[in-house]
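Listed here are the chains, written in short residue letters.
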Amino acid sequence: MNDIQWFPGHMKKTRELIAANLKLVDLVIEVLDARIPLSSQNPMLQEILGDKPKIIALNKSDLAANLDLWLKYFKEKNSEAVAINSTNGAGIKNLIAAAKKIAAPKTDKFAKFGAKPRAARAMIVGVPNVGKSTLINRLAGNNRAKAENRPAVTRSKQWIKIDNGLDLLDTPGILYPKFEDKNIALKLAWTYAINDEVLDIEETVCLLLETLAAKIPKNLIERYKLENIPAEGHEILKAVGKKRGCIRKGGEIDSEKTARLILSEFRAAKIGKIILDDLPIN
């Protein structure tokens, strides 16, 4: 499979935007995809953020399994971590409370001089399509930030005033300029942080199927009513295509249609909840 590289020109400006505005906020909320809690962390962001106080928000928690182990892992690394679902609001109160607590040393300074404590100021960062704008809309109570299920929609910074004593600075999603690890690139592609238009869909899905076969074979068998799971991704793809009736005239399996169906069902957790990253061994 060819290397996946996707770094739109506006992402360089995003990097500069984040670096320039860090001084305006008390803390950073890094939104990660709970299915890939390590692979959706951008090393470039870690360099930019430095020692700025940070909360990790493991979003799309409804699509992931065994998140408690990952929350424990991040806390052992001295990172505040909260599991959230920006779509239905689960965990949002915990996130707000954590943000206010971290920002308190700065916001409470105003009270010392007889003024009201100002709102905590947080910057939202993360790779594309992890749910940053959906999270802000949930916090704000309306669609003040443009949210769309497509990588790289937010193109400029936006200040969003929240009624809960929290002001948010939204920024565009930012990916790596170059993926050094093919496996990370694949996980970002499977979870739609990378636009499908730059992918070889069939090859990408075949590799996904091999991963699912290794991690959740029972789910794969039950979802597609397979008698067994072939060892090779292309053979699994054919078996699923046959079961789902993705067949062209002449009886040939429509591989692309099958691949897109599988990818769609994986992203909707219809195959099952999963965390694609392996928990590091301390």
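Here the structure is a predicted model, which is why all the values come from computation and not from measurement.

Asks: Hey, could you go over the environment of Ile-162 for me, with residue numbers and the actual values?
Replies: By the element assignment, Ile-162 lies in strand E5 (residues 158-162). Residue Ile-162 is classed as buried on the basis of its relative accessible area of 5%. As a C-alpha pair, Ile-162 and Ala-140 span 22 residues in sequence and 5.2 Å in three-dimensional space. Other than its neighbours up to four places away in sequence, Ile-162 contacts Leu-139, Ala-140, Asp-167 and Leu-168.

Asks: Give me helix H5 (residues 132-140): which residues, what numbers.
Replies: Here H5 lies mainly inside the structure; seven of its nine residues are buried. Turning to H5, its buried residues number three or more, namely Lys-132, Ser-133, Leu-135, Ile-136, Asn-137, Leu-139 and Ala-140.

Asks: Explain the confidence of the model for the chain residue by residue, including any values.
Replies: In the predicted model, the chain carries a mean pLDDT of 85, and 85% of its residues have values of at least 70. Ignoring residues within four places in sequence, the model shows residues 145-155, a span with pLDDT below 50, making 36 contacts including any to other chains.

Asks: Quick one: what's the story with the packing of helix H6 (residues 182-190) against helix H7 (residues 201-215), residue by residue and with numbers?
Replies: Remark: H6 packs on H7, axes separated minimally by 11 Å, with the N-to-C direction vectors making an angle of 100°. Our classification of the angle between H6 and H7 gives roughly perpendicular. Here H6 contributes Leu-186, Ala-189 and Trp-190 to the contact with H7, which in turn contributes Thr-204, Leu-207, Leu-208 and Thr-211. Residues belonging to the contact of H6 with H7 are distributed by class as follows: five nonpolar, two polar and no charged.

Asks: Talk me through helix H10 (residues 255-267); I want residue IDs and the actual numbers.
Replies: In this model, H10 (13 residues) spans 18 Å end to end at C-alpha, consistent with the 18 Å of a helix rising 1.5 Å per residue. Turning to H10, its buried residues number three or more, namely Ser-255, Thr-258, Ala-259, Ile-262, Leu-263, Glu-265, Phe-266 and Arg-267. Buried residues belonging to H10 abut H6, H7, helix H8 (217-224) and helix H9 (233-243). Of the residues one or two after H10, Ala-269 is the one with positive phi, at around 60°.

Asks: I'd like to hear about the pattern of salt bridges, residue by residue, with values.
Replies: Going through the model one piece at a time under the given rule, you end up with 13 salt bridges. Glu-265 serves as the salt-bridge partner of Arg-223, at 3.1 Å between the closest nitrogen and oxygen. Residue Arg-223 is located in helix H8, and its partner Glu-265 is located in helix H10; the two are separated by 42 residues in the primary sequence. In this structure Glu-265 comes out as buried when scored by relative accessible area, which is 8%. Bridged by salt links that share partners, the residues Arg-223, Arg-244 and Glu-265 form one connected network.

Thresholds applied
- Residues numbered from 1 in each chain as written.
- Predicted model: local features only at pLDDT ≥ 70, side-chain atom pairs only at ≥ 80, totals over all residues.
- Heavy atoms only, no water.
- Helix = DSSP H or I, 4+ residues; strand = E, 2+ residues; numbered from the N terminus.
- Buried < 20%, exposed > 50% of the residue type's maximum accessible area, 1.4 Å probe, protein only.
- Contact = heavy atoms within 4.5 Å.
- pLDDT = per-residue confidence, 0-100.
- Axes fitted to C-alpha atoms, helices over the stretch in contact; angles between N-to-C directions.
- Parallel < 35°, antiparallel > 145°, perpendicular 65-115°, else oblique.
- Nonpolar A, V, L, I, M, F, W, Y, C, P; charged D, E, K, R; others polar.
- Expected span 1.5 Å × (residues − 1).
- Salt bridge = Lys/Arg side-chain N within 4 Å of Asp/Glu carboxyl O.

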